Amino acid sequence: MTQSEQPIGIFDSGVGGLTVAREIFKILPSEDVIYFGDVGRSPYGGRSKEILTQFTRQDIAFLLEQKVKFIICACNTASAVALDDVIGSTPVKVVGVLEPGARAAMERTKSGRIGIIGTHATINSNAYARIIHEMDPKLKVFSLACPLFVPLAEEGYIDKEATRLIATDYLRTMREVEIDTLVLGCTHYPLLRHIIADVMGDGVTLIDSGAETAAVAARLLADENLLSAPNGRNRKGDHSFYVSDVPEKFSQVAGRFLGQVVERITRIDITRY
Ligand code: DGL
């Protein structure tokens, strides 16, 4: 098997990274993809840097054993807190979701006032603001943790009044600081996009970091001649899913995140890596 025929690896703390996988399936339908969801140890959003670094290293080691050609860290929390410390030693390219999301926000803001929402760990790391300020120190960045959005998305509270009330309460301060661009800095938030958009109002552009990352990954693979069907050959990619705990919950929730039924889910012992 040549390197370009090898699969793309995607990992996340659990089911949320399927919002990124969905984008990859859409724009790179010929690629084989191996997805790992660390459901046994999720959520990552309230964890320490030390633990997140260990988990991220193990998630990557598992994907490398599957002989992937390229890795996407779909988890904002792992991307924000752990990825920089881990990727130096990785033999294939690893991309996280922060830089593509930050860059897209920078390109679209007109007022120069950008909001970031994410888990506690992502927001406390200040990583999005750091990346944005490295590119343009004049931009104003406002960050806010919205931890309840994760269970609401997983439980399917996509268009419920309770979710609207929580979103209105959480996002009050974001409205007050008059941003014009808001980064959905967590895998789960694209599912609540409609409510978040309603609460923020028409003047605010939402950025889906996962979708931006999928586009960046496709460009990088093309640049490095790593696409499995570079000439648009009609090939249907194979998708396999691995999890670190019982697959039932994953398969129940996965359909909502991926927009299609997930078959063939294999449980692995991630602590072996
Ligand atoms: N995947 C995580 C993220 O994007 C959200 C869920 C979790 O906390 O594990 O930050």
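Reading the values: the criteria
Residues numbered from 1 in each chain as written. Predicted model: local features only at pLDDT ≥ 70, side-chain atom pairs only at ≥ 80, totals over all residues. Heavy atoms only, no water. Buried < 20%, exposed > 50% of the residue type's maximum accessible area, 1.4 Å probe, protein only. Helix = DSSP H or I, 4+ residues; strand = E, 2+ residues; numbered from the N terminus. Pairing = 2+ DSSP bridges. Phe/Tyr/Trp six-rings, centres within 6.5 Å; stacked < 30°, edge-to-face > 60°. Lys NZ or Arg CZ within 6 Å of the ring centre and 35° of its normal.

### A few points about the pairing of strand S7 (residues 181–184)
1) Next: Going residue by residue along S7, you find Thr 181 and Val 183 tucked away on one face and Leu 182 and Leu 184 tucked away on the opposite face as well.
2) Next: Here strand S5 (residues 113–118) runs beside S7; their pairing, made up of four bridges, is parallel. Bridged to Ile 116 within S7 is Val 183.
3) Next: With four bridges joining them, S7 and strand S8 (residues 205–208) adopt parallel strand pairing.

### A look at the packing of aromatic side chains
1) Next: Applying the stated criterion to the full structure yields nine aromatic pairs.
2) Next: A centroid spacing of 6.1 Å and a plane angle of 40 degrees characterise the contact between Tyr 35 and Phe 250, whose relative ring orientation is tilted. Here Tyr 35 is found in strand S2 (residues 33–37), whereas its partner Phe 250 is found in helix H13 (residues 247–258), with 215 residues between them in sequence.
3) Next: Looking at Phe 250, the relative accessible area reads 2%, which means it is buried.
4) Next: Cluster of aromatic residues (ring-pair linked, three or more members): Phe 25, Tyr 35, Phe 241 and Phe 250.
5) Next: Taking the ring centre of Phe 55 as reference, the NZ or CZ of Arg 41 above it sits at 3.7 Å.
6) Next: Between Lys 160 and the ring centre of Tyr 157, over which it is positioned, the NZ or CZ distance is 5.1 Å.

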